[in-house]
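Residues per chain are reported as follows:
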Amino acid sequence: MKHWKPVLFTLSVIAITVILLPALLVVPFSDKKETAAEPTPKEKPKEDPVTSINVFRNQTNTIETVNLEDYVVGVVAAEMPANFEMEALKAQALTARTFVTKTLTAQKKKGTPAKADITDTVNDQVYLSDEELRAQWGTQYEEKRKRIQEAVQATKGQILTYKDELITPSFFSTSNGYTENSEDYWQNELPYLRSVESPWDKDSPKYLQETKMALSEFERLLGIQVGSKTDIGQIVSRTDGKRIAQVKIGGKTLSGKEVREKLNLKSSDFTWYRTGNEIVITTKGYGHGVGMSQYGANGMAQEGKTYKEIVAHYYKDVKINEATAYLPTFTAKK
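Residues numbered from 1 in each chain as written. Predicted model: local features only at pLDDT ≥ 70, side-chain atom pairs only at ≥ 80, totals over all residues. Heavy atoms only, no water.

## Here's the deal with the packing of aromatic side chains
Thinking step 1. As enumerated under the stated definition, the model contains seven aromatic pairs in all.
Thinking step 2. Judged by centre distance (5.7 Å) and plane angle (50 degrees), the rings of Tyr162 and Tyr192 are tilted. Taken as a pair, Tyr162 in strand β5 (residues 158-162) and Tyr192 in the loop between β7 (171-172) and β8 (208-214) lie far apart in primary sequence, 30 residues in all.
Thinking step 3. A relative accessible area of 17% places Tyr162 in the buried class.
Thinking step 4. By relative accessible area, Tyr192 is classed as buried at 6%.
Thinking step 5. Linked through ring pairs, Phe218, Phe270 and Trp272 together constitute an aromatic cluster.
Thinking step 6. Taking the ring centre of Tyr141 as reference, the NZ or CZ of Arg134 above it sits at 4.1 Å.
Thinking step 7. Geometry around Tyr185 places Lys257 over its ring, the cationic atom sitting 5.0 Å from the centre. (Phe/Tyr/Trp six-rings, centres within 6.5 Å; stacked < 30°, edge-to-face > 60°. Helix = DSSP H or I, 4+ residues; strand = E, 2+ residues; numbered from the N terminus. Buried < 20%, exposed > 50% of the residue type's maximum accessible area, 1.4 Å probe, protein only. Lys NZ or Arg CZ within 6 Å of the ring centre and 35° of its normal.)

## A look at the confidence of the model for the protein
Thinking step 1. On average, the protein scores 86 in pLDDT, and the residues at 70 or more come to 84%.
Thinking step 2. Contacts for the low-pLDDT stretch residues 1-46, under 50 throughout, to residues beyond four places or in other chains number six contacts.
Thinking step 3. Scored below 50 in pLDDT, residues 330-334 makes 12 contacts in the model with residues more than four places away or belonging to other chains. (pLDDT = per-residue confidence, 0-100. Contact = heavy atoms within 4.5 Å.)

## Notes on the layout of surface pockets
Thinking step 1. Taken as a whole, the largest pocket holds about 1,300 Å³ of empty space.
Thinking step 2. Residue lining of the largest pocket: 41 residues in total, with Phe99, Val122, Asp124, Phe171 and His288 positioned closest to the centre.
Thinking step 3. When residues of the lining of the largest pocket are traced back to their parent elements, those giving at least two are α2 (68-79), α3 (86-105), β7 and α8 (294-302).
Thinking step 4. Counting residues per element, the lining of the largest pocket draws most heavily on α3, at four residues.
Thinking step 5. The class makeup of the residues in the lining of the largest pocket is 20 nonpolar, 13 polar and eight charged. (1 Å grid on protein atoms, 1.4 Å probe; cavity = no way out; pocket = protein on both sides within 12 Å on 5 of 7 lines; lining within 4 Å. Points joined across faces, edges and corners; volume = space filled by probe spheres on them. Nonpolar A, V, L, I, M, F, W, Y, C, P; charged D, E, K, R; others polar.)

## Structural notes on the nonpolar core
Thinking step 1. Within the largest apolar cluster, 57 residues are counted, with the highest numbers of intra-cluster contacts made by Tyr71, Ile148 and Tyr315.
Thinking step 2. Elements supplying a minimum of two residues to this core: β2 (52-57), α2, α3, α4 (130-137), α5 (141-154), β5, α8 and α9 (307-314).
Thinking step 3. No other element matches the 10 residues that α3 contributes to this core.
Thinking step 4. Core analysis: the next-biggest nonpolar cluster, separate from the first, contains 18 residues, Leu222, Val259, Trp272 and Ile279 among them. (Core = buried A, V, L, I, M, F, W, Y, C linked by side-chain atoms within 4.5 Å.)

## Brief notes about the pattern of salt bridges
Thinking step 1. Evaluated as defined, the whole model comprises 12 salt bridges.
Thinking step 2. Its salt-bridge partner being Lys90, residue Glu87 comes within 2.9 Å of it at the nearest N-O pair. Of the two residues, Glu87 and Lys90 are both situated in helix α3; the distance of three residues between them amounts to about one turn of the helix. The two residues Glu87 and Lys90 agree in class, both being buried.
Thinking step 3. A network of salt bridges, in which partner residues are shared, links Arg57, Glu64, Asp120 and Glu132. (Salt bridge = Lys/Arg side-chain N within 4 Å of Asp/Glu carboxyl O.)

Right, here's the structure in full:
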């Protein structure tokens, strides 16, 4: 029986090899196939906030595409003196960025060219390009642009909201000592545009201004007849901002806004008197009076107030938020 042992051993080895060989062949290929078969997740297109805008240049009748923050620089430089206090410049940067953000998210204003987002005039915000600022500032270009850029950079991406909605950040040059309720100059009553005191404006060079006008021109523009009267008007009422709400003159009752616009006055807080065939008109303040006073903001900054305190004073109950949460988005191409 001993001669059977080698035979049995050989048969056992063959049997074991037959059983294990398929497994040895399958296992490594199996692992490789399973790894390759795992799905590779596809990257979702990213939604990026709009960072450039198309500005209609009124003088050249062209459209200029500009980075949003560079646009804010151009607006602050055009709308506020570069030598104003840094905190006032920061406050102006907030209003400029809020305005353009609101414009980008709202229905296009009537009169805005088809391919433009905003215009460069007072109908929106005045904007000057870098080339225009260089020409305007001359040798002071570097110094002034650096100040504006610092203010814009310090507030980068910040906008103003009221109850999570973008505000209409109205501003003007100089108050008469008070700002105006929105509904006292425009139609809409906005809760964040309330009349507040602004005593700093008395130091503005635009606080008091005098205009002289021929009586005939005065009558023509207002559509009235004064005749030989020396008493040429009676104030009927004033607004909370101490401006003329209504005035009765030449048998007509006009709003202070109507008089200001018809006579092209600097403010709706005015007084006048007649001397011979001439009318002498004195105005107090410069601008519509609604929102932030620029000279008031500068006065607050001179007293050590921050830009956050400035906007909180002129825009009631507003908050500072990130513009990216409100800007429209586009799908980034991969």
